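Chain by chain, the residues:
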Amino acid sequence: MFHSQDPRTMPKEQDWPISVEMQFLGGLSDGNPRPTGNMCSPGTDIVYKGKKLESHCLESTSKTYDGDQWVKAELIVHGDSLITHIINGDTVLQYSQPTIGGGVANRYDPRIKIDGKKLKQGFIALQSEGQPVEFKNIYLKDLSKK
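Residues numbered from 1 in each chain as written. Predicted model: local features only at pLDDT ≥ 70, side-chain atom pairs only at ≥ 80, totals over all residues. Heavy atoms only, no water.

Details of the overall build of the protein
Part 1 of the argument: Helix and strand counts for the protein stand at zero helices and eight strands.
Part 2 of the argument: Reading the helices (α) and strands (β) of the protein from amino to carboxyl end gives β-β-β-β-β-β-β-β.
Part 3 of the argument: At 15 Å, the protein has a C-alpha radius of gyration in line with the 15 Å of a compact globule built from 146 residues.
Part 4 of the argument: Once the C-alpha set of the protein is aligned to its principal axes, its extents read approximately 45 × 40 × 30 Å.
Part 5 of the argument: Classification of the 146 residues of the protein by burial places 35% in the buried group.
Part 6 of the argument: Looking at the protein alone, contacts between residues at least 24 apart form 55% of all its contacts between residues at least 6 apart.
Part 7 of the argument: Element-wise, carbon and sulfur atoms account for 50% of the exposed surface of the protein, whose accessible area totals about 9,500 Å².
Part 8 of the argument: Positive and negative charge centroids in the protein, built from 18 and 18 side chains respectively, lie 8 Å apart. (Helix = DSSP H or I, 4+ residues; strand = E, 2+ residues; numbered from the N terminus. Rg over C-alpha atoms; globule rule 2.2 N^0.38 Å. Buried < 20%, exposed > 50% of the residue type's maximum accessible area, 1.4 Å probe, protein only. Contact = heavy atoms within 4.5 Å. Areas by Shrake-Rupley, 256 points an atom, 1.4 Å probe, with all protein chains shown as cover. Lys, Arg positive; Asp, Glu negative; His and termini not counted. Charge placed at Lys NZ, Arg CZ, Asp CG, Glu CD.)

Remarks on the environment of His56
Part 1 of the argument: Inspection of the secondary structure assignment puts His56 in the loop between strand 4 (51-52) and strand 5 (57-58).
Part 2 of the argument: Exposure remark for His56: the relative accessible area of 29% places this residue in the partly exposed category.
Part 3 of the argument: The spatial distance from the C-alpha of His56 to the C-alpha of Asn38 is 11 Å, given a sequence separation of 18 residues.
Part 4 of the argument: Ignoring any residue separated from it by four or fewer positions in sequence, one finds His56 in contact with Met39, Cys40, Ser41, Pro42 and Val104.

Observations concerning the pairing of strand 6 (residues 73-77)
Residues in a regular strand point their side chains to alternate faces of the sheet.
Part 1 of the argument: Both strand 6 and strand 7 (residues 82-87) contribute to a ladder of five bridges, which runs antiparallel. Directly across from Ala73, in strand 7, lies its bridge partner Ile87.
Part 2 of the argument: Between strand 6 and strand 7, which pair antiparallel in sequence order, lie four residues; one of them, Gly79, sits at a positive phi of approximately 55°. (Pairing = 2+ DSSP bridges.)

Considerations on a nonpolar patch on the surface
Part 1 of the argument: Together, Phe24, Ile124, Leu126, Val133, Phe135, Ile138 and Leu140 make up an exposed nonpolar region whose accessible area comes to about 710 Å².
Part 2 of the argument: Structurally, Phe135 is set in the segment after strand 8 (90-100).
Part 3 of the argument: By relative accessible area, Phe135 is classed as partly exposed at 33%. (Patch = residues over 30% accessible without salt bridge, like charges linked within 9 Å, V, L, I, M, F, W, Y side chains within 5 Å. Salt bridge = Lys/Arg side-chain N within 4 Å of Asp/Glu carboxyl O.)

Re the state of the cysteines
Part 1 of the argument: As enumerated under the stated definition, the model contains one disulfide in all.
Part 2 of the argument: The residue that forms a disulfide with Cys40 is Cys57, at a sulfur-sulfur distance of 2.1 Å. Between Cys40 and Cys57 the sulfur-sulfur dihedral comes to about 110°; the bridge is accordingly right-handed. One end of the pair, Cys40, is in strand 2 (residues 38-40); the other, Cys57, is in strand 5, and 17 residues separate them in sequence. (Disulfide = S-S within 2.5 Å.)

Below, the structure is given as structure tokens:
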């Protein structure tokens, strides 16, 4: 999750931080596609292909990665403009204009969820939704400095 709200502003009852998520999913080894590097938007909206996305999640074009294996994920975020998801060197999703809005985040402090506010910065949050996950070699590069 990136452009995430400050965890100190989250009530204990809030389910998800207001943020944009680059979602990591492993394949289920059942022969069905299950892409990774998807986008989900708890408490936020994004623009995809020139239009505000109406759904909460957007599938990437990545292939399915079954079993235990390392997958390299890169996220390039240019403030509130272009956001690019890259999986194992392939660009799998691009969108823009993240703003606070939409649903899915519940029991938040209404002073924090100001719909329409552009998301230009925020915290980074790593999560696991009930399944084991390992992260390694996490690098951050400030793209605002030239």
